[in-house]
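Here's the letter readout for the chains.
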Amino acid sequence: MNSNKIIELKNISKSFFIASKEPGLNGTLKHFFNRKYNEKKVVKNINIEIRKGEIVGFLGANGAGKTTILKILCGLLYPTNGFISIDGYRPYERKSEFLNKISLIMGQKQQLIWDLPPIDSFYLNAAIYGIEKSEAKKRIKFLSEMLEINKELYLPVRKLSLGQRMKAELLAALIHNPNILFLDEPTLGLDINAQANLRKFLQLYNKETGSTILLTSHYMKDITYLCRRVICIHEGIVTYDGKLEKLLTKLSPRKELSIICKSKKDIESLKNLGLDIKNLESNEITLLIKKEDIKKTLKNILNKYELEDLQISEPPVDEIIGKLLTNNN
Amino acid sequence: MYNLTPNKIGTLLKTQYSNMMEYRVEIALWAISGVIPFFMLNIWTNNGLNESLNISNIMLSRYFLSAFFVRQFSVVWVVFTFEEDALLGRISPYLIQPIHPFFRYFAQHIAEQITRFPFALIIAIFFFIFNPESLWSPSIGTIFISLISTFFSFLIQFLIQSIIACFCFWTEKASSFEKLIFIPTLFLSGLLAPVESFPEFVKSWVYFTPFPYLIDFPARILSENNVNIFSGLCVQIIWIILFFLIFIKVWSQGSKKFTAMGL
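Residues numbered from 1 in each chain as written. Chains lettered and ligands numbered in written order. Predicted model: local features only at pLDDT ≥ 70, side-chain atom pairs only at ≥ 80, totals over all residues. Heavy atoms only, no water.

1. Considerations on the overall build of chain A
Helix and strand content of chain A: 12 helices and 13 strands. Over its C-alpha atoms chain A spans a radius of gyration of 25 Å, topping by over 25% the 20 Å that the globule rule assigns to 329 residues. By its C-alpha atoms, chain A is 75 × 55 × 50 Å across when sized along the principal axes. Each of the 329 residues in chain A was classed as buried or not, and the buried ones make up 49%. By sequence separation, contacts in chain A at least 24 residues apart represent 70% of the contacts at least 6 residues apart. Taken as a whole, chain A presents about 17,000 Å² of accessible surface, with 49% of it coming from carbon and sulfur. Separation between the mean location of the 52 positive side-chain charges and that of the 38 negative ones in chain A comes to 4 Å. (Helix = DSSP H or I, 4+ residues; strand = E, 2+ residues; numbered from the N terminus. Rg over C-alpha atoms; globule rule 2.2 N^0.38 Å. Buried < 20%, exposed > 50% of the residue type's maximum accessible area, 1.4 Å probe, protein only. Contact = heavy atoms within 4.5 Å. Areas by Shrake-Rupley, 256 points an atom, 1.4 Å probe, with all protein chains shown as cover. Lys, Arg positive; Asp, Glu negative; His and termini not counted. Charge placed at Lys NZ, Arg CZ, Asp CG, Glu CD.)

As structure tokens, this is what we get:
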């Protein structure tokens, strides 16, 4: 067994029984007298191993099963089948020793007491996790400086902006120094600067504490900035587990070549070269070229045409992952 | 999950008290809304209903004032808060903290009772201004025992509602089950009339239920009416143990069914 392994899931499945209702009055009456439940398998026999200190991103469309997996990992849900071990604990037993090691942070969901300043919730959480007041004070000071929310500690939570609240939520969730973090859409609804700050903070926290972070996010920047490893989930099945870079190369073996020509005649000629065209505007064309063909094609174009500008780039990650989620393969 | 320490209890109470102080006007209104016993007293004395019971007007008014106090410090609403928290997904972070989520609700109730106390006292002062003949000063021992009995009454009601709240794990609207308990609580607890005044047939079985121990028993102790204190306290303790065991069972079964809605 790998001693570095902190999370292990073997053949984990989770099913829910969901009542379905037909439309109209007939459907309503049937639903009332003879309610029918359908079994929905949300997670199907997944196997995952995660090492200490890794930051792993879960990718998948809405309803793919990412959040359900996070809920199973942090002990909120009992798996229907399979074996699960987090640092030697079964999460669903919710033992205090296990709960002291983890933290779950959910975007748009809060644990802070709405009408009190965050500092009250911090001290409450500190007491719940058995942290002495003097130690709690130190940690609050350290984390609030890192998160830059010193001034907001004494204002009622309801008066804070979403970004400030999210930072305060993070502080509340980190006060017990968890070594495993489960983050479900942590940057949801935050502005660009707040998103960037949060990402920086999480990276720093991972570096300084060696904590393991599992993250779901629909913002690809969160994933590309933080995660070297990604796990793709589709209909409850793991479809990819490996390096993000490798996934991107696999999904997008082509580069984008954007060319601005001096004459429209050249554009017309480029159009007829038999290459895949991504975009075409008056005197600008974007071609998709296989990575191994890039040198040859570039040489050919430079020799043949008079160009005003030329740019080679990778396709945007959002686009690649978007395609992955749409195509489901 | 039950590893309570003095620091945890103290901080939970302090925080919940600070939170309740934010709602002081609301709590004052709740305290005022609990004056049903005074209306009942009025109905009883104006219609001479107490004569058939062989109980004087003064003792009856003391009983209803005591019932008012017991009610003030045994009001429970955990089923509604838990249901809302479960439906909105707020319960999820509580479930993965090393303290049983019901301790939060318990602390909320205690903090609310402390906040409510001065308002209840003001209402009692007004009661004595309008009914000076009812003024009495119970001994320290009586106050102490009635406090214990009121706390037991609160525990019984808290446990009953917590059991019902756990039904949220099976059905989203657990509070509808509470409605089934509300009617017998209202009529059989002694809030509307002392249990002694009930027909013999009702009295023959009502003492086998927890209801008379919710208001009637502690109110009788405080108002210094005739009551067997020892056996009453024992019955309260038996109900607490019984409901606690049921709660543990229902919680352990129910929390396995939790679907983390709204997370």
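The rest of the description comes next.
2. What about the interface of chain B and chain A?
The interface is formed by 28 residues belonging to chain B together with 28 residues belonging to chain A. Between chain B and chain A, the buried area comes to about 2,800 Å², and carbon and sulfur atoms account for 64% of it. Contributing elements (two or more residues each) for the side of chain B that touches chain A: α1 (6–21), α6 (91–95) and α12 (229–256) of chain B. Residue composition of the side of chain B that touches chain A, by class: 12 nonpolar, 12 polar and four charged. (Buried area = accessible area lost by both parts, 1.4 Å probe. Nonpolar A, V, L, I, M, F, W, Y, C, P; charged D, E, K, R; others polar.)

3. A word on the side chain of Q195(A)
All names here are of chain A. Note on placement: Q195 falls in helix α7 (residues 192–209). A relative accessible area of 10% places Q195 in the buried class. When neighbours within four sequence positions are excluded, Q195 is seen to be in contact with T187, L190 and Y219.

4. What about the pattern of salt bridges?
Oppositely charged side chains are able to pair whenever their charged atoms sit close together. For the coordinates displayed, the defined rule picks out 23 salt bridges over all chains. Between E84(B) and R90(B) there is a salt bridge, with its nearest N and O atoms 2.9 Å apart. Look at E84(B) and you get partly exposed, because its relative accessible area is 42%. R90(B) gets classed as partly exposed once you look at its relative accessible area, which sits at 30%. In this structure, a network of salt bridges that share partners links the residues K5(A), E8(A), K10(A) and E49(A). (Salt bridge = Lys/Arg side-chain N within 4 Å of Asp/Glu carboxyl O.)

5. With respect to the packing of helix α2 (residues 24–33) of chain B against helix α7 (residues 101–130) of chain B
Residues and elements named next belong to chain B. The N-to-C vectors of α2 and α7 enclose an angle of 55 degrees; their axes lie 9 Å apart at closest approach. Considered as vectors, α2 and α7 are oriented oblique to each other. Read as a crossing pair, α2 and α7 show a hand that is right-handed. Mapping the contact onto sequence places R24, I27, A28, W30, A31 and I32 in α2 and E112, T115, R116, F119 and I123 in α7. In terms of residue class, the contact of α2 with α7 is made up of seven nonpolar, one polar and three charged. (Axes fitted to C-alpha atoms, helices over the stretch in contact; angles between N-to-C directions. Parallel < 35°, antiparallel > 145°, perpendicular 65-115°, else oblique. Left-handed = near helix turned anticlockwise from the far one by under 90°.)

6. Some remarks on the packing of aromatic side chains
Across all of its chains, the model carries 29 aromatic pairs over all chains by this definition. Plain terms: the ring middles of F82(B) and Y105(B) are 5.9 Å apart, the flat faces sit at 75 degrees to each other, and that makes the pair edge-to-face. Here Y105(B) lies in helix α7 and F82(B) lies in helix α5 (residues 78–87), a separation of 23 residues in the sequence. Comparing F82(B) with Y105(B), the two get one shared label, buried. Seen from their ring centres, F201(B) and W205(B) are 6.5 Å apart, and the 70 degrees between their planes marks the pair as edge-to-face. Within this pair, F201(B) and its partner W205(B) are both found in helix α10 (residues 200–206), separated by four residues, close to a single helical turn. Taking relative accessible area as the criterion, F201(B) reaches 62% and is therefore assigned exposed. Taken together through their ring pairs, the aromatic side chains of F82(B), F102(B), Y105(B), F169(B), F247(B), W251(B) and F258(B) make up a single cluster. The ring of Y123(A) has K133(A) sitting right over it, with the charged end atom 5.4 Å from the ring centre. (Phe/Tyr/Trp six-rings, centres within 6.5 Å; stacked < 30°, edge-to-face > 60°. Lys NZ or Arg CZ within 6 Å of the ring centre and 35° of its normal.)

7. Details of the confidence of the model for chain A
On average, residues of chain A score 87 in pLDDT, and 98% of them reach the 70 mark or higher. Confidence, read as mean pLDDT per element, is least for helix α12 (residues 317–327) of chain A in chain A (74) and greatest for strand β4 (residues 81–86) of chain A (95). (pLDDT = per-residue confidence, 0-100.)

8. Here we look at the environment of T224(A)
Residues and elements named next belong to chain A. Its place among the elements puts T224 in helix α8 (residues 220–226). The spacing of T224 and K299 is 75 residues in sequence and 32 Å in space, taken between C-alpha atoms. Contacts of T224, omitting those with residues within four sequence positions, involve L244 and V317. One polar contact links the side chain of T224 to the main-chain carbonyl oxygen of K221, over a distance of 3.3 Å. (Polar contact = N/O pair within 3.5 Å; in protein donor to acceptor, adjacent residues only side chain to side chain.)

9. Section: helix α5 (residues 133–147) of chain A
Residues and elements named next belong to chain A. Here α5 is 15 residues long and its end C-alpha atoms lie 20 Å apart, about the 21 Å a rise of 1.5 Å per residue gives. A136, R139, I140, L143, S144 and L147 are the residues of α5 that are buried. With its buried residues spanning 125 degrees around the axis, α5 presents them on a single face. Facing away from the buried side of α5, by more than 90 degrees, are the exposed residues S134, K137, K138 and K141. Lining the buried residues of α5 we find α4 (118–128), α6 (162–174) and α7. Positive phi shows up at E148, right after α5, with a value of about 55 degrees. (Expected span 1.5 Å × (residues − 1). Arc of directions from axis to C-beta.)

10. As for the environment of K203(B)
Structurally, K203(B) can be placed in helix α10. Apart from residues no more than four positions distant in its own chain, K203(B) is found in contact with V195(B), E196(B) and F198(B).

11. So, the packing of helix α4 (residues 57–72) of chain B against α7(B)
Residue and element names in this part refer to chain B. In the contact formed by α4 and α7, the axes pass within 10 Å of each other and the chain directions differ by 165 degrees. Taken together, the axes of α4 and α7 lie roughly antiparallel to each other. Viewed along their axes, α4 and α7 form a crossing whose handedness is right-handed. Taken together, the residues of α7 that come into contact with α4 (itself represented by S61, L65, F68, F69 and Q72) are Q113, R116, A120, L121, I123, A124, F127 and F128. For the contact of α4 with α7, the residue count by class is nine nonpolar, three polar and one charged.

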